Amino acid sequence: MKRIVVFSGAGMSAESGINTFRDSDGLWEKYNIEDVATPEAWKKNPELVLDFYNQRRIQVLKAEPNAAHIAIATLESKFDVVIVTQNIDDLHERSGSNNVVHLHGEILKARSEFDLSTLYDLKEPIRINDLAPDGGQMRPHVVWFGEPVPAYELGKSIIESADILIIVGTSLNVYPAAGLVFCTKPGAQKFLVDPDAITMGNMSDIALINETAGIAIPKLVEQLLGE
Ligand code: APR
């Protein structure tokens, strides 16, 4: 059974109503990364950080999987599918995909600020003085800029094993995650779905599809299932 790996970013969830980061209406147009998504921000103003992620959690809970999420889930009928996502929403899971690795964490999980490994499912806002059993302030289980990416090696080994890599909805701006798309084995078939993507020199072996995920992914999935 061929392995398909899907490497997704915020554009994958854009048509579900979840803001991307670097589009014109993106989150980083409204917030400074330094104020809401770094360990320094957490030390300086944890309330602002908690509020930023409380807002995003509400948006995720209101969102529904879109046609692209749903189409990708159907690939499991014929392929060994693993999703390596930069997204912190649960839309891949909610659309029926069973193997999802979150490189940058999950907004519907929380942890103590002192403990990376004990996770708590969470749909409620986190407030200051919501403490974990170890006495640490609870924080979203999200990887901030400057923090390690615990799932990086796992993500890399998954992408190295891909027969087909579908890159969708990412500006490939943030490393180390973005570098993963160049870790495929020789001969792997690669697609990039993004309405605004431009190919760079080192992407000559990637088939570029300049359309939204909601339009392009169902067509690509139909093509792959029909082969
Ligand atoms: N379908 C497909 N792609 C889309 C769509 C859509 N409907 N709408 C926007 N896009 C594309 C944009 O053209 C852009 O290239 O999705 C990409 C979104 O890029 P970013 O906003 O930079 O999101 P992402 O690449 O996931 O960011 C990576 O940066 O802020 C950190 O941790 C955060 O995981 C995130 C990381």
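Here goes a summary of the coordinates provided. Quantities reported herein were computed from a predicted structural model and do not represent experimental measurements.

It is worth spelling out the sheet that holds strand β5 (residues 120-121) at this point. Read across the sheet, three strands follow the order β5-β4-β6 without closing on themselves; strand pairing throughout is antiparallel. In this open sheet, the two edge strands, each paired with only one partner strand, are β5 and β6 (138-142). Strand direction decides the pairing type here: strand β4 (residues 105-112) and β5, joined by two bridges, are antiparallel. Each residue of the ladder has a partner; that of Lys-109, found in β5, is Asp-121.

Here we come to unusual backbone geometry. A cis amide bond, omega 5 degrees, links Tyr-175 with the succeeding residue Pro-176. One non-glycine residue with positive phi stands out, namely Asn-129, at about 75 degrees. Along the chain, Asn-129 turns up in the loop between β5 and β6. With relative accessibility at 61%, the residue Asn-129 sits in the exposed group. The backbone of Leu-172 sits at a positive phi, close to 55 degrees, despite the residue not being glycine. Its place among the elements puts Leu-172 in the loop between β7 (164-168) and β8 (189-193). Owing to a relative accessible area of 10%, Leu-172 belongs among the buried residues under this scheme.

The biggest cluster of nonpolar side chains holds 25 residues, and the ones touching the most others in it are Trp-28, Ala-37, Tyr-53, Ile-107 and Trp-144. Breaking this core down by element, the ones donating at least two residues are α2 (27-30), α3 (33-36), α4 (39-44), α5 (46-62), β4 and β6. When neighbours within four sequence positions are excluded, Ala-37 is seen to be in contact with Trp-28, Tyr-53, Trp-144 and Phe-145. In this structure, Val-5, Val-101, Ala-177 and Ala-197 belong to the second largest nonpolar core, which totals 24 residues.

Cut-offs used in this document
Residues numbered from 1 in each chain as written. Predicted model: local features only at pLDDT ≥ 70, side-chain atom pairs only at ≥ 80, totals over all residues. Heavy atoms only, no water. Pairing = 2+ DSSP bridges. Helix = DSSP H or I, 4+ residues; strand = E, 2+ residues; numbered from the N terminus. Buried < 20%, exposed > 50% of the residue type's maximum accessible area, 1.4 Å probe, protein only. Core = buried A, V, L, I, M, F, W, Y, C linked by side-chain atoms within 4.5 Å. Contact = heavy atoms within 4.5 Å.

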